[in-house]
Amino acid sequence: MEDVEYQIDAELPSAIPDEDAGYHDEGMDDAAATSVQQPEAPAWYTHFVFPQEPQPLYRVTQEYASTAASCPNSNFLKGVKWSPDGACLLTASDDNWLRLYDLPRDVHTAPRLYDNDLLPTAAAASTSLPPSPMEPGGGDDDVGGVGGVADHTLTSASASAAGVAADNLVPALRMQPGETVYDYCWFSRMNAADPVSCCFASSSRGQPIHLWDACTGDIRCSYRGYNDADEPTAAYSLAFSPDGAKLLGGYNKSMYVFDVSRPGRDYKRIVTHKRKQQESIAGIVSCMAFSPAGDVFAAGTYTGALGVYDARTYELLLLLTGNRGGLTQVMFSPDGNYLYTGARQDDQMFCWDVRNTYEALYTLQRDTARTNQRIQFDIEPCGKHLITGGCNGTVEVFDLQSGSQVDQQTVAADTVNGVTFHPSLDLLATASGHRRYADPGEDEHNS
């Protein structure tokens, strides 16, 4: 089986900021950025220029490069998310670990990674990595290991011997939820200057919703949901309200609203589907997102149903249809007037005007018709462009005014399942990889 590189990349696209623009990041020194107090809504405007070739700055591959017992076939990332203040990155992977990366201080002076560091050449692809200490003989995939369980992350010397560059970004924290991670999201008011706000939520199979401390990696508290048989059940999707007071969990045919300040079993249940109720969204609630103002939120299901709800009364306001596959992400535009949706096994993304929803304004094409993965998309802070991953190793950029594609760049040798703009700096983070199974013929040959 051909070696494929799975990676998290931090890239530096060109940007033209306003003269009065101020960048805020607690981890940056004064020489790299001007520290200003971050307002409720950004007072700066950054206009990204497309088309352009992004400049790779950081790469994390060997952290995920060995086969772990929790994922015997392969390991792959499940998206990547910047914290609201941009101080750090959060990832989940198929080895059932969450990893947090701090934004380096030298981000604006870091040297560029060239193509042979970013994408494996034919010679590098034919070079085998050292065997995993967790499995005799190792594996053939360049996928992730669990540094917190066994020290088998490649060192600079061993990586060089294998023909693969060593990681130039290491996790600040590793957290193990214990089971398959369904979803994870940052606390919406997170600010590195306030340690109390530095937290995020995750949901895993057979587990309650956990609220993690982003400074220590410890679980602060848990939010427990129960089904009709009074059995504990896990949430499939998560979303914090913009003010940070509510935490939404998506379940089968229902959503639970938790008060963030009151962990435990106390929640309000919103039934999203009843057998005799025509105007409802059936199936597992797979994704949710609040509008920037927090007055409404959208919820999508794996059946392709999409609803817009009042965030105060939880009344269903709009019922939208269009996506053929199960919805995996919904996102409002920065002004809250438009709603964008993406689905698995569906190569179309839809743009809806929530003020006039007779039909979608336009659709965006991406390479996601043959995958069940969540393929992330993101909208730049100024709201001008949307960027999305795909199965062909590229990121595609669309102009949201016209819906036309303005750029396409190859950033990985595998499926790009995560892509996100930094909230205030001209940085882009991507995550790549997908599940791969061992070749039976190769196993027979090795035996």
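So, how was this worked out
Residues numbered from 1 in each chain as written. Predicted model: local features only at pLDDT ≥ 70, side-chain atom pairs only at ≥ 80, totals over all residues. Heavy atoms only, no water. Phe/Tyr/Trp six-rings, centres within 6.5 Å; stacked < 30°, edge-to-face > 60°. Helix = DSSP H or I, 4+ residues; strand = E, 2+ residues; numbered from the N terminus. Buried < 20%, exposed > 50% of the residue type's maximum accessible area, 1.4 Å probe, protein only. Disulfide = S-S within 2.5 Å. Contact = heavy atoms within 4.5 Å.

J.: What is the right way to read the packing of aromatic side chains from this model?
T.: The geometry of two aromatic rings is summed up by the distance between their centres and the angle between their planes. In the structure shown here, the tally under the stated rule is 15 aromatic pairs. Centre to centre, the rings of Trp 186 and Phe 200 are 5.5 Å apart; their planes meet at 65 degrees, and the pair counts as edge-to-face. Of this pair, Trp 186 sits in strand β9 (residues 181-186) while Phe 200 sits in strand β10 (residues 199-204), and the two are 14 residues apart along the sequence. In this pair, the class of Trp 186 matches that of Phe 200, namely buried. Both rings, one in Phe 297 and one in Tyr 309, keep their centres 5.4 Å apart while their planes meet at 10 degrees; by these two values the pair is stacked. Of this pair, Phe 297 sits in strand β20 (residues 296-301) while Tyr 309 is found in strand β21 (residues 306-310), placing the two residues 12 residues apart along the sequence. A relative accessible area of 3% places Tyr 309 in the buried class. Aromatic ring contacts, followed pair by pair, group Tyr 223, Tyr 251, Tyr 256, Phe 258 and Tyr 267 into a single cluster.

J.: Even after reading the chapter, I still don't get the environment of Leu 169, so can you show me in this structure?
T.: Relative to the helices and strands, Leu 169 is located in the loop between α3 (156-161) and β8 (173-175). On a C-alpha basis, the gap between Leu 169 and Thr 61 in space is 9.4 Å, while along the polypeptide they are 108 residues apart.

J.: When you look at the state of the cysteines in this model, what are you seeing that I'm missing?
T.: Here a disulfide denotes a covalent bond joining the sulfur atom of one cysteine to the sulfur atom of another. One pass over the full model with this rule turns up 0 disulfides. Cys 199 takes part in no disulfide bond, and the closest cysteine sulfur, belonging to Cys 198, lies 7.6 Å away. For Cys 199, a relative accessible area of 4% corresponds to the buried category.

J.: How should I be thinking about the environment of Gly 300 in this particular structure?
T.: The topology assignment puts Gly 300 in strand β20. A C-alpha to C-alpha distance of 7.6 Å links Gly 300 and Gln 329, two positions 29 residues apart in sequence. The contact partners of Gly 300, leaving out residues within four places of it in the chain, are Ile 284, Val 285, Ser 286, Cys 287, Ala 305, Leu 306 and Leu 327.

Everything listed here is a matter of coordinates, which is why it stays silent on function.
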